[in-house]
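Descriptive structure summary
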Amino acid sequence: MLEDIEGVIRPTEQDEGAKTRLSDTGKRYIEEVIPLHNEQTLVDRVDEVQGGFPPKAIDSDKDIAETIKPVIEEVNPIYLEAPTDTVQIEQAAEAMEKIEGLSFDEWKELSFEERVAILQLVEGVIAEIAHRPSCVVNVKRMDEGNYGYFDPDKGDITLNSRYIKSDSFEDYKECVDTIVHEGRHAYQHYNLTQREVHPREGDLTNWKSNEFKYGYQAAQVYGFKAYWLQPQECDARAFAEDLLKKYLED
Ligand SMILES: [Zn+2]
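Numbers given to residues run from 1 along each chain, matching the order in which its sequence is written. Two thresholds apply to this predicted model, a pLDDT of at least 70 for residue-level local features and 80 or more for giving and counting side-chain atom pairs, whereas whole-chain, interface and lining totals are computed over all residues. The side-chain figures draw on all heavy atoms in the structure; neither hydrogens nor water molecules are used.

Describing the coordination of the zinc ion
In this listing, donors mean N, O and S atoms no farther than 2.8 Å from the metal, or 3.2 Å for Na, K and Ca; water is missing from the atoms, so a site can look incomplete. Here the zinc ion is held by the protein donor atoms His 181 (NE2), His 185 (NE2), Glu 233 (OE) and Glu 233 (OE), which lie 2.1 to 2.5 Å from it. Coordination at the zinc ion comes from four donor atoms whose angles at the metal span 55 to 148 degrees, giving a geometry best classed as irregular. Site description for the zinc ion: donor spacing in sequence, H-x3-H-x47-E. In this pair, His 181 sits in helix H10 (residues 169-193) while Glu 233 sits in helix H14 (residues 231-249), placing the two residues 52 residues apart along the sequence. Geometry is assigned from the angles between donors: four donors with all angles from 85 to 135 degrees make a tetrahedral site, four or six donors whose opposite pairs exceed 155 degrees while the rest stay between 65 and 115 make square planar or octahedral sites respectively, and everything else is labelled irregular. Each helix is a run of DSSP H or I of at least 4 residues and each strand a run of E of at least 2, with the numbering of both proceeding from the N terminus.

Some details on the pattern of salt bridges
A pairing counts as a salt bridge when a side-chain nitrogen of Lys or Arg comes within 4 Å of a carboxyl oxygen of Asp or Glu. Taken as a whole and judged by the stated rule, the model has 13 salt bridges. The partner of Arg 115 in a salt bridge is Asp 167, and the shortest N-O contact between them spans 2.7 Å. Residue Arg 115 is found in helix H8 (residues 112-129), and its partner Asp 167 is found in the loop between helix H9 (161-165) and H10; the two are separated by 52 residues along the sequence. Residue Arg 162 pairs with Glu 144 through a salt bridge whose shortest N-O separation is 3.7 Å. With Arg 162 in helix H9 and Glu 144 in the loop between strand S1 (137-140) and strand S2 (148-151), this pair connects stretches of sequence that are 18 residues apart. Burial status follows relative accessibility: with a 1.4 Å probe on protein chains alone, a residue under 20% of its type maximum counts as buried, one over 50% as exposed, and anything between as partly exposed. For Arg 162, a relative accessible area of 23% translates into the label partly exposed. What makes Glu 144 exposed here is its relative accessible area of 65%. Through salt bridges that share partners, Lys 56, Glu 196 and Lys 208 make up one connected network.

Here we look at the packing of H10 against H14
Each axis is a line fitted through C-alpha atoms, taken for helices only over the stretch in contact, and angles between the N-to-C directions span 0 to 180 degrees. The geometry of H10 relative to H14 is characterised by a closest axis approach of 8 Å and an angle of 135 degrees between their N-to-C directions. Taken together, H10 and H14 sit at an angle that is classed as oblique. The handedness of the crossing between H10 and H14 comes out as right-handed. On H14, the residues that touch Tyr 172, Lys 173, Val 176, Asp 177, Val 180, His 181, Arg 184, His 185, Gln 188 and Leu 192 of H10 are Gln 232, Glu 233, Asp 235, Ala 236, Arg 237, Phe 239, Ala 240, Glu 241, Leu 243, Leu 244, Tyr 247 and Leu 248. The residue classification treats Ala, Val, Leu, Ile, Met, Phe, Trp, Tyr, Cys and Pro as nonpolar and Asp, Glu, Lys and Arg as charged. All others, Gly included, are polar. Within the contact of H10 with H14, the residues separate by chemical class into eleven nonpolar, four polar and seven charged. Working definition: roughly parallel below 35 degrees, roughly antiparallel above 145 degrees, roughly perpendicular at 65 to 115 degrees, and oblique for all remaining angles. Take the far helix as your reference; a near helix turned counterclockwise from it by less than a right angle gives a left-handed crossing, and one turned clockwise gives a right-handed crossing. Two residues qualify as a contact provided that any one of their heavy atoms is within 4.5 Å of a heavy atom in the partner residue.

Focus: helix H11 (residues 201-213)
Helices are assigned an expected span. That span is 1.5 Å times one less than the residue count. Across its 13 residues, H11 extends 17 Å between first and last C-alpha, which sits within 8% of the 18 Å expected from 1.5 Å per residue. Residues of H11 that are buried: Asp 203, Leu 204, Trp 207 and Asn 210. Buried residues in H11, looked at end-on, bunch into an arc of 130 degrees, giving them a common side. Facing away from the buried side of H11, by more than 90 degrees, are the exposed residues Glu 201, Phe 212 and Lys 213. Summarising the contacts, the buried residues of H11 are in contact with helix H6 (85-97), H10 and H14. Note: the arc covers the axis-to-C-beta directions of the helix.

Here we look at the nonpolar core
Residues enter a nonpolar core if they are buried and are Ala, Val, Leu, Ile, Met, Phe, Trp, Tyr or Cys, with the set joined through side-chain atoms within 4.5 Å. By size, the foremost hydrophobic cluster in this structure holds 32 residues, and its most contacted members are Met 96, Leu 102, Trp 107, Ile 179, Val 180 and Leu 243. Elements represented by at least two residues in this core include exactly H6, helix H7 (104-107), H8, strand S3 (156-160), H9, H10 and H14. Listed in part, the 25 residues of the second largest apolar core include Leu 42, Val 43, Ala 130 and Trp 207.

A short note on a negative patch on the surface
Put simply, a patch holds well-exposed residues, over 30% relative accessible area, that have no salt bridge, with like charges counted together within 9 Å and Val, Leu, Ile, Met, Phe, Trp or Tyr side chains within 5 Å. For the accessible areas, the method is Shrake-Rupley and the probe is 1.4 Å, while residue cover comes only from the protein chains on display. By the counting rule applied here, Lys and Arg register as positive and Asp and Glu as negative, while His and the ends of each chain are not counted. Where a charge lies is defined by one atom per residue type, namely NZ (Lys), CZ (Arg), CG (Asp) and CD (Glu). Together, Glu 90, Glu 94, Glu 97, Glu 249 and Asp 250 give the surface a local cluster of negative charge. The element best represented in the negative patch is H6, accounting for three residues. Assignment of secondary structure puts Glu 249 in helix H14. The exposed category is assigned to Glu 249, whose relative accessible area is 58%.

Digging into the domain arrangement of the chain
Boundary definitions for the domains trace back to an automatic or database domain assignment. One can read the domain layout of the chain as domain 1 (2-79) and domain 2 (85-249). Using only C-alpha atoms to locate each centre, domain 1 and domain 2 end up separated by 32 Å. Summed over both partners, the accessible area lost on bringing two parts together, with a 1.4 Å probe, is the buried area. Carbon and sulfur atoms supply 50% of the area that domain 1 and domain 2 bury against each other, a total of about 860 Å² over both sides. The largest per-residue losses of area from domain 1 upon contact with domain 2 belong to Pro 54, Pro 77 and Ile 78, which jointly make up 56% of the total buried on that side.

Structural notes on the environment of Leu 121
Tracing the backbone through its elements, the reader meets Leu 121 in helix H8. On a C-alpha basis, the gap between Leu 121 and Met 96 in space is 8.9 Å, while along the polypeptide they are 25 residues apart.

Rendered as structure tokens:
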């Protein structure tokens, strides 16, 4: 009896295939707006056909990607699937090497304002590679040990000015690490609230349970360990560590 019930409710392989395959009506509905060359109309149509919130990258379904191919170059990358982390890290390290003033030898000679401008540039290039909007970078004097934060409500990043002013290599490294780390939080937030551009679904699942199921564990409220071990923090730390290693070693 139980087997019977399971047999009824479990979707067959054929059903699952049909659910993900783009229907002819859906395809026509998207094709219709391609000659308009209007980004917003195209994005709205694809979102409507795909359903769900936050909407997925408009090229994440391979049938839809094929359908919108003729105009994909015109679409702002913030609507498109981002590269994998490995590729993001490679591209970001390469882009950072081209930023004048970012190497420690040059950094040492710069004024405070120039250093802030460089960190803003780093945030901009990483945002572009990660297919998300770039954050404004603010500076503020904070307590020691506090390097900076991403504010999800304002969508900006604030860095501790004391480490930007310092001339030590260790503090320089912390500044670069922090701008990458906080930018990764901006990327997580974009994926959780605006559009799923991250190509790895398992990461999205972990970030969602962190943010929505258990809630973000702020160190001041939940203690350092709970803060340190939560998926969003582990992910941001690993991403920044890998990128810094690649940037400093190359
Ligand atoms: Zn963090």
